[in-house]
Amino acid sequence: VQLQASGGGLVQAGGSLRLSCAASGSTFSRYAMGWFRQAPGKEREFVAAISRSGSTTYYADSVKGRFTISRDNAKNTVYLQLNSLKPEDTAVYYCAADWSSYLTTNPAYWGQGTQVTVSS
């Protein structure tokens, strides 16, 4: 599967963005999907994941209550709604996928990343 992330940008603290990740090349509904991020000088970290059915979602504690992951299997797309953004959310956001019901800790497939910058 090929993944193409988009929707990043520059936003003020407290603002919102919606990231999208379009999948192609395989049966999207058979993949668990997720988002990770990497800030400058830091390790990549898990942000959110959604099961292949869409019935189960997981979030990092740092984003719980502010970010929402969703998927549209008809459009082969997974979304990440980012609300109440903070400067510490600044990072390159990557979408990821696994051919499984639930995302693993080291997904097999990765998109190219989209930059999110939050100004204070």
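All residue numbers refer to position in the chain's written sequence, counted from 1. Totals for whole chains, interfaces and linings use all residues, but because this is a predicted model, local features are given only for residues with pLDDT of at least 70 and pairs of side-chain atoms are given and counted only at 80 or more. Water and hydrogen atoms were dropped before computing side-chain values, which therefore reflect all heavy atoms in the structure.

### A word on the sheet that holds strand β7 (residues 67–72)
Strands in a sheet are paired, the pairing made by backbone hydrogen bonds, and the direction either parallel or antiparallel.
Then comes step 1: A strand pair is defined by DSSP finding two or more bridges across the two strands. The helix count covers DSSP runs of H or I at least four residues long, the strand count covers runs of E at least two residues long, and both are numbered beginning at the N terminus. What the 4 strands build is an open sheet, ordered β1-β3-β8-β7; its pairing is antiparallel. The open sheet has two edge strands, β1 (2–6) and β7, and neither has a second partner. Recorded for the sheet is a direction-independent mean angle of 15 degrees between the axes of neighbouring strands. Between N-to-C directions, angles cover 0 to 180 degrees, with each direction set by a line fitted to C-alpha atoms, over the stretch in contact for helices.

### A word on the state of the cysteines
Then comes step 1: Only a pair of cysteine sulfur atoms within 2.5 Å qualifies as a disulfide here. Enumeration over the complete set of coordinates arrives at 1 disulfide.
Then comes step 2: Between the sulfur of Cys-21 and that of Cys-95 lies a disulfide, 2.1 Å long from S to S. Measuring handedness by torsion sign, the sulfur bridge of Cys-21 and Cys-95 sits at about 55 degrees and is right-handed. Separated by 74 residues along the polypeptide, Cys-21 in strand β3 (residues 17–24) and Cys-95 in strand β9 (residues 91–98) bring together distant segments of the chain.
Then comes step 3: Judged by relative accessible area, which is 0%, Cys-21 ranks as buried.
Then comes step 4: Here's how the labels work: a residue is buried when its accessible area is under 20% of the maximum for its type, exposed when over 50%, partly exposed in between, all with a 1.4 Å probe on protein chains only. Among the residues examined, Cys-95 registers a relative accessible area of 0% and is labelled buried.

### With respect to the pairing of strand β5 (residues 45–50)
Then comes step 1: Relative to β5, strand β4 (residues 32–38) runs antiparallel, the two sharing 5 bridges. Paired with Trp-35 across the bridge in β5 is Ala-48.
Then comes step 2: The turn joining β4 and β5, which pair antiparallel and follow one another in sequence, is formed by 6 residues; a positive phi near 75 degrees is taken by Gly-41.
Then comes step 3: As defined by bridge partners, β5 adjoins strand β6 (residues 57–59) across 3 bridges and the pair is classed as antiparallel. Its bridge partner being in β6, Ile-50 is matched across the sheet by Thr-57.
Then comes step 4: Hairpin connection, β5 to β6: the antiparallel pair is bridged by 6 residues, and Gly-54 has positive phi, about 85 degrees.

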